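# Geometric and topological summary
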Amino acid sequence: MPGLSPRGNNAPDATPSGEETPLDVAAHREGGRPSPDGRDAAGGRGPASAEFKVSFSEAIGGPRGIVDSSLPTIAFVALNSAAGLTSGIIGAVVVGVAIFILRMVRGEPKQQAFSGLLAVGVAGYVASRTGRGKDYFLVSILRNAGAVVVGVASLAVRRPLAGYVMAGLDQRYSDWRNHRDTLRAANWATGVWIIVYFLRFAVQGVLYLADRDGWLAAANLALGLPLFGLAVLATLAIVRRMAPAARFEPPPEQRPTEPVPAEAAVRKPLDD
């Protein structure tokens, strides 16, 4: 593994006052990212704020995100208690489909709704095969366990998964494994997500083994989007604190081009 340098090439020891830092949302939407001096990929002046800032509400998709992720589980628990397992599964799937269709009609992002619908379908299928309501949450419990194993393994082989996410969001982190600051930030950020998934697995696993279906549903909701939002904020805080993107040079293809001096642009007379 190449030697780790503490910061990017020719980078200052500290982020200058007022310097904009990582992961600019607007630039991502436009297909470009700002360079450390505030210029965009085309060499022009970028957005006024190049720092990726997100509130807790934005991290979980706002109130709409909470509602969309909670309704299928609430429908399952209510109908399972009142009319039986089959009704609970059908109700959860119907609600999931309705949310997906509503997003399509409104032209809203459908990825979250589609992922939720897929999860509901798989969970409902497992519960229908076993005939036990608590098995509706079994897939989620196993998924959390798998995420913990993968996260710990990535730390063990010095390939923390958060580093790849950092590089995917901002190309200034593309060389993250060769810098001490970015590697350390990736390790800590990955650790945050390991804790999140372990907490979900441990709490829901205990309730699953204790046959506490009602509490299991409550834990599924409480440890879902709210905990996810907190983990997103913690991750961004770690990266901004330990390895702000402004310390690192952008990739060559995104560096602003220097204007050609007028005298250099004068053509030499052609020889006779």
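Above this text sits the structure in question.
Residues numbered from 1 in each chain as written. Predicted model: local features only at pLDDT ≥ 70, side-chain atom pairs only at ≥ 80, totals over all residues. Heavy atoms only, no water.

Secondary structure summary: the protein chain contains 10 helices and zero strands in total. The linear arrangement of helices and strands in the protein chain, starting from the amino end, is α-α-α-α-α-α-α-α-α-α. Counting over 272 residues, the protein chain shows a buried share of 39%. In the protein chain, the proportion of contacts linking residues at least 24 apart, taken out of those at least 6 apart, comes to 71%. Split by element, the accessible area of the protein chain, about 15,300 Å² in all, is 63% carbon and sulfur. (Helix = DSSP H or I, 4+ residues; strand = E, 2+ residues; numbered from the N terminus. Buried < 20%, exposed > 50% of the residue type's maximum accessible area, 1.4 Å probe, protein only. Contact = heavy atoms within 4.5 Å. Areas by Shrake-Rupley, 256 points an atom, 1.4 Å probe, with all protein chains shown as cover.)

Okay, the pattern of salt bridges next. A side chain with one charge may pair with a side chain of the opposite charge, provided their charged atoms come close. This model, assessed by the stated rule, comprises three salt bridges. Where Asp211 meets Lys134, a salt bridge forms, and the shortest distance between an N and an O atom there is 2.5 Å. Of this pair, Asp211 sits in the loop between α8 (180–209) and α9 (213–222) while Lys134 is found in the loop between α5 (111–130) and α6 (138–156), placing the two residues 77 residues apart along the sequence. (Salt bridge = Lys/Arg side-chain N within 4 Å of Asp/Glu carboxyl O.)

For the rest of this paragraph, the subject is the nonpolar core. By size, the foremost hydrophobic cluster in this structure holds 36 residues, and its most contacted members are Phe76, Tyr136, Phe137, Tyr173 and Leu216. At the level of secondary structure, the elements contributing two or more residues to this core comprise α4 (85–106), α5, α7 (161–169), α8, α9 and α10 (225–242). If you tally residues by element for this core, the top one is α8, at eight residues. (Core = buried A, V, L, I, M, F, W, Y, C linked by side-chain atoms within 4.5 Å.)

Tallied over the full model, the rule gives six aromatic pairs. A centroid spacing of 5.1 Å and a plane angle of 80° characterise the contact between Tyr164 and Trp176, whose relative ring orientation is edge-to-face. With Tyr164 in helix α7 and Trp176 in the loop between α7 and α8, this pair connects stretches of sequence that are 12 residues apart. Tyr164 gets classed as partly exposed once you look at its relative accessible area, which sits at 43%. In this structure an aromatic cluster arises from ring pairing among Phe76, Tyr136 and Phe137. (Phe/Tyr/Trp six-rings, centres within 6.5 Å; stacked < 30°, edge-to-face > 60°.)

Bringing α6 into the picture now. With 19 residues, α6 should cover 27 Å at 1.5 Å per step; its first-to-last C-alpha distance of 27 Å lies within 8% of that length. Among the residues of α6, Ser140, Ile141, Asn144, Ala145, Val148, Gly151 and Ser154 are the ones counted as buried. Against α7, α8 and α9 lie the buried residues of α6. Once α6 finishes, Arg158 follows within two positions and takes phi at roughly 60°, a positive value. (Expected span 1.5 Å × (residues − 1).)

Keep in mind that these numbers describe shape and distance, not what the molecule does.
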